[in-house]
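Summary of the model geometry
In case you want the letters, here they are:
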Amino acid sequence: EEDALNAFLAEMDGFEVNEKRPVLVLAATNYGVKASDGIGILDEAFMRRFDNEILIEYPNTDERRQLIEVSLSKGGTHSVSEEMINSIASRSTGMSPATLVGVVKEARSDAFNKGKALDDALLVETFESKKHGAKKDWGEKFLTRTARHECGHAVINILSGNIPSYITIEARGNMGGYMEMSQEEKEAPEYTREELIWRIRTALGGRAAEIVCYGKNGGISTGASNDLRAATNIAKNK
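Attention here is on the structure that accompanies the text. (Residues numbered from 1 in each chain as written. Predicted model: local features only at pLDDT ≥ 70, side-chain atom pairs only at ≥ 80, totals over all residues. Heavy atoms only, no water.)

1. As for the state of the cysteines
Under the counting rule described, the total for this entry stands at zero disulfides. Free of any disulfide, Cys 151 has its nearest neighbouring cysteine sulfur in Cys 213, separated by 9.0 Å. Under the relative-accessibility criterion, Cys 213 is labelled partly exposed at 41%. (Disulfide = S-S within 2.5 Å. Buried < 20%, exposed > 50% of the residue type's maximum accessible area, 1.4 Å probe, protein only.)

This is how it looks when you write it as structure tokens:
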């Protein structure tokens, strides 16, 4: 990184100023200029060489849907449904265009290796793997408990007047399963006090369901640790 930076700085300093024949340098990056952890930072001395900085927002849901459709059309035949395209577009908030296109390409490659056309199951499996990691098998007992836990989230979310956009009991990464709120709920510009209380209730719905099913002692598990952090964060910071 240091060698590359020095090479850039040396090259950019080497241009002679000639107003009749200006040299314009354009660059694009996903890195940030400043970050608290010091990872992925562009050197400020390098950034000062540029007069203007243009922030390009990540695509919205409609733009992501169009991107997926174009990517699918470029690779030949597929049997991915419109419903699945809409679902992936809705659930890929904050995902860069390059990553989203990469998901489609990887899914198509997997389909080719399996000797079949790209379908809903292959696309969503690739998307989930890219987002949360490979699927894990933790046994039927764990699946049953996870199903009850996630249903607790879903029931409370529905009672709040919202419909979850996705729910799964497949274990990936450090999660046994998860429920995603609707796109409108995730991207709301602001929340009322009542809406925040419902979000806290939804976060605690999984623990509540486990207590209902397994009792006070058996229903208390570490499976709700992320939920408790999320509820605490809403209560303290929102």
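2. With respect to the nonpolar core
By size, the foremost hydrophobic cluster in this structure holds 20 residues, and its most contacted members are Ile 68, Leu 72, Val 80, Met 84, Ile 88, Leu 118 and Leu 123. Elements represented by at least two residues in this core include exactly helix H3 (61-74), helix H4 (82-91), helix H5 (97-113) and helix H6 (120-132). In terms of residue count, the dominant contributor to this core is H5 (five residues). Discounting residues that sit within four places of it in the chain, Val 80 has contacts with Leu 72, Ile 85, Leu 118, Asp 119, Asp 120 and Leu 123. (Core = buried A, V, L, I, M, F, W, Y, C linked by side-chain atoms within 4.5 Å. Helix = DSSP H or I, 4+ residues; strand = E, 2+ residues; numbered from the N terminus. Contact = heavy atoms within 4.5 Å.)

3. Comments concerning the packing of aromatic side chains
Per the stated rule, a full pass over the model turns up two aromatic pairs. Judged by centre distance (4.9 Å) and plane angle (80 degrees), the ring pair of Trp 138 and Phe 142 falls under edge-to-face. Across from the ring centre of Tyr 166, 3.5 Å away, lies the NZ or CZ of Arg 91, which sits over that ring. Between Arg 145 and the ring centre of Tyr 214, over which it is positioned, the NZ or CZ distance is 4.4 Å. (Phe/Tyr/Trp six-rings, centres within 6.5 Å; stacked < 30°, edge-to-face > 60°. Lys NZ or Arg CZ within 6 Å of the ring centre and 35° of its normal.)

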